[in-house]
Amino acid sequence: MRALALLLVLAACAELPPVEGAISEAARREPYPVLVPLGTLLAEAERPSRAAPAAAELEARGARLRAARVPAPGLDALRAEGRRLRARTVPAPAEADLDARGRRLRERAEALRAVPV
């Protein structure tokens, strides 16, 4: 308690810099800001955002793509690769494996493009 009282007494003795020097002459010449009624600001906050229609469209597109149920390419191969990684025996990928994966990815991309959006 004494420390708090001492801190308050010491803070009261501090010299503060003059406020007049902190505001430039250009700022002094500027007009005061226009005050807007609070109701206008609250009404603006309640207005729906411009991004809401785009978000709804993207949600609908995602639902259509999920409904198409286009399978992920090589899901079984990915699971097998995960098991190999957990077993700490990761062989270097063969060139044929990369070609097959690229082909599967291209096939899935074509299937996704064929879904009506």
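Novice: Looking at this model, I keep getting lost on the overall build of the protein chain. Mind explaining?
Specialist: When helices and strands are counted, the protein chain shows six helices and zero strands. Taken across its 117 residues, the protein chain has 7% of its residues classed as buried.

Novice: Honestly, the pattern of salt bridges in this entry has me stumped. Any pointers?
Specialist: Should the charged atoms of two oppositely charged side chains come close, the side chains can pair. Within the structure shown, the criterion is met by three salt bridges. When the shortest N-O distance is used, the salt bridge between E25 and R28 registers 3.8 Å. One end of the pair, E25, and the other, R28, are both in helix α2 (residues 25-29), three residues apart, so they sit about a helical turn from each other. E25 gets classed as exposed once you look at its relative accessible area, which sits at 52%. Residue R47 pairs with E44 through a salt bridge whose shortest N-O separation is 3.0 Å.

Novice: Just checking my understanding: could you explain a nonpolar patch on the surface for this structure?
Specialist: Together, M1, L4, L7 and L8 give the surface a local cluster of nonpolar side chains, amounting to about 510 Å² of exposed area. As for its position among the elements, L4 is in helix α1 (residues 2-12).

Novice: Explanation requested: helix α4 (residues 52-68) in the structure shown.
Specialist: The periodicity of an α-helix, 3.6 residues per turn, causes residues three or four places apart in sequence to face the same way. Here α4 is 17 residues long and its end C-alpha atoms lie 25 Å apart, about the 24 Å a rise of 1.5 Å per residue gives. A positive phi of about 50 degrees marks R69, the residue just after α4.

Novice: Looking at this model, I keep getting lost on a positive patch on the surface. Mind explaining?
Specialist: A cluster of basic residues, R79, R83, R84 and R86, forms a positive patch on the protein surface. Inspection of the secondary structure puts R83 in helix α5 (residues 75-86).

Cut-offs used in this document
Residues numbered from 1 in each chain as written. Predicted model: local features only at pLDDT ≥ 70, side-chain atom pairs only at ≥ 80, totals over all residues. Heavy atoms only, no water. Helix = DSSP H or I, 4+ residues; strand = E, 2+ residues; numbered from the N terminus. Buried < 20%, exposed > 50% of the residue type's maximum accessible area, 1.4 Å probe, protein only. Salt bridge = Lys/Arg side-chain N within 4 Å of Asp/Glu carboxyl O. Patch = residues over 30% accessible without salt bridge, like charges linked within 9 Å, V, L, I, M, F, W, Y side chains within 5 Å. Areas by Shrake-Rupley, 256 points an atom, 1.4 Å probe, with all protein chains shown as cover. Expected span 1.5 Å × (residues − 1). Lys, Arg positive; Asp, Glu negative; His and termini not counted. Charge placed at Lys NZ, Arg CZ, Asp CG, Glu CD.

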